[in-house]
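Reading the structure
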Amino acid sequence: MPPTKIMIVEDEYIVSADLTASLEELGYQVVGHVTTGDEALAAADRHQPDLVIMDVILPGKVDGVEAAKRIREGHRIPVLFVTSHSEEDLLERAKQAEPAGYLLKPFQDRELRAAIEVAMYKSKMEAQLRYSDEVFHQITENVREVLMLMDVPAGRIVHVNSAFEKVFGLNRESLYQDPAAFLPRVHPLDRKAVAEVFGHRYRVGRASSLEYRVIRPGGPPTWVSTQGLPLKDENGRVIRMVIVSEDVTERKKTQEEERALQARLRSIYEGFPVATFIWQRVTGDFLLVDFNRAGENLTDGEVRRLAGERASTLFRDHPDIQTAFDQCYNEQTIVRREMHQSLFTENEPMLLLFTFS
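One structure accompanies this document, and this report is about it. In this numbering scheme, every chain counts its residues from 1 along its sequence in written order. Side-chain atom pairs in this predicted model are given and counted only at pLDDT of 80 or more, local residue features only at pLDDT of at least 70, and totals for whole chains, interfaces and linings cover all residues. Side-chain calculation: all heavy atoms of the structure are included, whereas hydrogens and water are not.

As for the overall build of the protein
A run of DSSP states H or I qualifies as a helix once it reaches four residues; a run of E qualifies as a strand once it reaches two. Both are numbered from the N-terminal end. Along the backbone of the protein there are 13 helices and 14 strands. Seen through its C-alpha atoms, the protein measures out along the principal axes to roughly 125 × 50 × 35 Å. Relative accessibility decides the category of a residue: with a 1.4 Å probe and only protein chains considered, values under 20% of the type maximum give buried, values over 50% give exposed, and everything between is partly exposed. Across the 357 residues in the protein, those meeting the buried criterion constitute 38%. Counted over contacts in the protein with a minimum sequence separation of 6, partners at least 24 positions apart contribute 45%. Charge separation in the protein, taken as the distance between the mean sites of 44 positive and 56 negative side-chain charges, equals 5 Å. For this analysis, residues touch if any pair of their heavy atoms sits within 4.5 Å. The charged-residue count follows a simple rule in which Lys and Arg add positive charge and Asp and Glu add negative charge, with His and chain termini not counted at all. Here the site of a charge means atom NZ of a Lys, CZ of an Arg, CG of an Asp or CD of a Glu.

Things to note about the sheet that holds strand S10 (residues 238-247)
Here, any two strands with at least 2 DSSP bridges between them count as paired. Across the sheet, 5 strands lie side by side as S7-S6-S10-S9-S8; this open sheet has antiparallel pairing. Looking along the sheet, the strands with just one partner apiece sit at the ends: strand S7 (156-160) and strand S8 (208-214). Here the average twist between neighbouring strands, direction ignored, is 25 degrees. With 7 bridges joining them, S8 and strand S9 (residues 222-232) adopt antiparallel strand pairing. Bridge assignment links tyrosine 212 to a residue of S9, and that residue is valine 224. Taken strand by strand, helix H8 (residues 188-201) contacts strand S6 (146-151), S8, S9 and S10, and its axis lies near 140 degrees from that of S8. For helices, the fitted line uses only the C-alpha atoms of the stretch in contact; every axis is such a line through C-alpha atoms, and the angle between N-to-C directions lies from 0 to 180 degrees.

Comments concerning the packing of aromatic side chains
In this analysis, rings of Phe, Tyr and Trp, with Trp reduced to its six-membered ring, are considered paired at centre separations within 6.5 Å, and the interplanar angle assigns stacked below 30 degrees, edge-to-face beyond 60, and tilted for intermediate values. One pass over the structure, following the stated rule, counts 10 aromatic pairs. Their ring planes at 75 degrees and their centres at 6.2 Å tell us that phenylalanine 81 and tyrosine 102 sit as a pair that is edge-to-face. Of this pair, phenylalanine 81 sits in strand S4 (residues 79-83) while tyrosine 102 sits in strand S5 (residues 101-104); the two residues are 21 residues apart in sequence, bridging distant segments of the chain. Residue classification places phenylalanine 81 among the buried residues on the basis of a relative accessible area of 0%. Assessed through its relative accessible area of 28%, tyrosine 102 is described here as partly exposed. Aromatic side chains phenylalanine 182 and phenylalanine 198 sit 4.7 Å apart centroid to centroid with 65 degrees between the ring planes, which places their arrangement in the edge-to-face category. Highlighted residues: phenylalanine 182 in the loop between helix H7 (173-177) and H8 and phenylalanine 198 in helix H8, separated in sequence by 16 residues. Here the two residues phenylalanine 182 and phenylalanine 198 agree in accessibility, since each one is buried. Only Lys NZ and Arg CZ are tested; either one counts as a charge over a ring when it is within 6 Å of the ring centre and within 35 degrees of the ring normal. In this structure, lysine 252 packs its charged tip against the face of tryptophan 223, placed 4.3 Å from the ring centre. Cation over ring: arginine 281 sits above tyrosine 329, and NZ or CZ is 4.4 Å from the ring centre.

Points about H8
Under the 1.5 Å per step criterion, the end-to-end length of H8 is 20 Å for 14 residues, consistent within 8% with the ideal 20 Å. Buried residues along H8 sit against S6, S8, S9 and S10. In a helix, the anticipated span is given by 1.5 Å times the number of residues less one.

Remarks on the packing of helix H1 (residues 13-25) against helix H5 (residues 109-140)
Look at H1 against H5: their axes get within 10 Å of each other, and the N-to-C directions meet at 70 degrees. Classified by the angle between their axes, H1 and H5 sit roughly perpendicular to one another. Contacts between H1 and H5 pair Leu19, Ser22 and Leu23 from the former with Asp109, Leu112 and Ile116 from the latter. Residues are grouped as follows: Ala, Val, Leu, Ile, Met, Phe, Trp, Tyr, Cys and Pro are nonpolar; Asp, Glu, Lys and Arg are charged; all remaining types, including Gly, are polar. Split by residue class, the contact of H1 with H5 holds 4 nonpolar, 1 polar and 1 charged. Every angle not falling under 35 degrees, over 145, or within 65 to 115 is termed oblique; those three ranges are roughly parallel, roughly antiparallel and roughly perpendicular.

A word on the pairing of strand S11 (residues 277-282)
Two elements, S11 and strand S12 (residues 285-291), share 6 bridges in a ladder whose sense is antiparallel. Its bridge partner being in S12, isoleucine 278 is matched across the sheet by aspartate 290. Where S11 hands over to S12, the hairpin turn is made up of 2 residues, of which threonine 283 adopts a positive phi near 40 degrees.

Here we look at a negative patch on the surface
The patch calculation keeps residues exceeding 30% relative accessible area without a salt bridge and links them within 9 Å when they carry like charges or within 5 Å when they are nonpolar (Val, Leu, Ile, Met, Phe, Trp, Tyr). Each accessible area value is a Shrake-Rupley result obtained with a 1.4 Å probe; residue values ignore everything except the protein chains displayed when judging cover. A pair is scored as a salt bridge if a Lys or Arg side-chain nitrogen falls within 4 Å of a carboxyl oxygen belonging to Asp or Glu. A contiguous patch of negative charge, built from Asp247, Glu250, Glu257 and Glu258, is present on the exposed surface. Broken down by element, the residue count for the negative patch peaks at 3 residues, all from helix H9 (residues 249-271). Of note, glutamate 257 is situated in helix H9. Judged by relative accessible area, glutamate 257 falls into the partly exposed class, the value being 46%.

Listed below in structure tokens is the structure:
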């Protein structure tokens with residue numbers, strides 16, 4: 001494994017020389033030494049070190065804090081600060097650069113090694129986190145569903161993908177300012193229910209789902225289905241809500257068409273002049289599950305109290321009818337039988353044509 005490459009930014013020659021000797025003795029590779037912040041920016045680009053050890057106080061317009069910020073932002077190279085100053089205000093300002101560590105002069109070689117190893121480990125973990133964030137971003141930006149991530153304790157949205165803008169017709173940045181920014185786009189008749197879910201249930205970490213209409217300028221209402229799932233920490237406390245929303249307008253349209261078709265078929269079935277009974281196959285028998293108006297009229301209404309009865313019970317004295325049931329079901333064919341039957345009534349038997357299909 002190649003040694004860690006380190007660049008030194010130190011304006012005192014003796015300190016820089018001692019630091020170089022210590023680093024090389026510890027097994028690190030010193031790839032450069034500069035004395036100002038401006039030089040550090042150029043050298044970081046040229047040497048591409050694994051780590052920069054930098055004094056906070058440097059001569060010139062660009063001090064150590066500013067140079068560290070630019071190196072971190074431009075190259076993502078961790079910076080370890082070293083200085084002989086320990087004033088609180090200086091330390092607070094140094095934090096703005098998000099250094100990988102901080103060493104006060106003078107320090108021992110073991111302290112130097114420990115600081116470097118911690119800084120490199122921290123940098124590695126940050127790189128892995130950035131990679132995970134990038135993968136998460138690529139995945140969420142390439143799905144058609146709206147994905148939101150809510151920080152439950154803070155009650156704010158911390159991530160929303162671009163699909164939000166297509167479904168709701170709003171800039172997603174508005175949600176970061178106000179999680180309820182989309183509510184004016186919700187249909188007035190649905191707004192109260194949506195406000196309850198987003199404003200209360202999700203904010204306390206309760207799973208919930210609902211469907212509602214969204215009104216976008218210049219277009220018809222869009223049906224949206226939303227589900228919220230809680231994410232818990234190791235103590236069982238809800239810390240995040242994953243909220244998934246999708247445009248289900250086409251699905252709702254299909255469902256409405258199916259309901260309309262079922263209604264039309266039911267109307268035809270009820271108006272059919274031939275008595276019709278529907279039976280369901282149940283464990284070797286047939287269960288009476290439905291009948292039309294003609295069937296009700298033929299039986300003088302008696303069929304109403306027989307719904308749910310089995311064919312083997314209703315036709316126990318007519319084995320030929322039970323045989324016809326089985327033949328129709330087993331052979332998947334139409335079976336016709338003529339017979340005298342009163343069919344569930346006390347009336348005189350009449351000649352009926354039974355058709356099983």
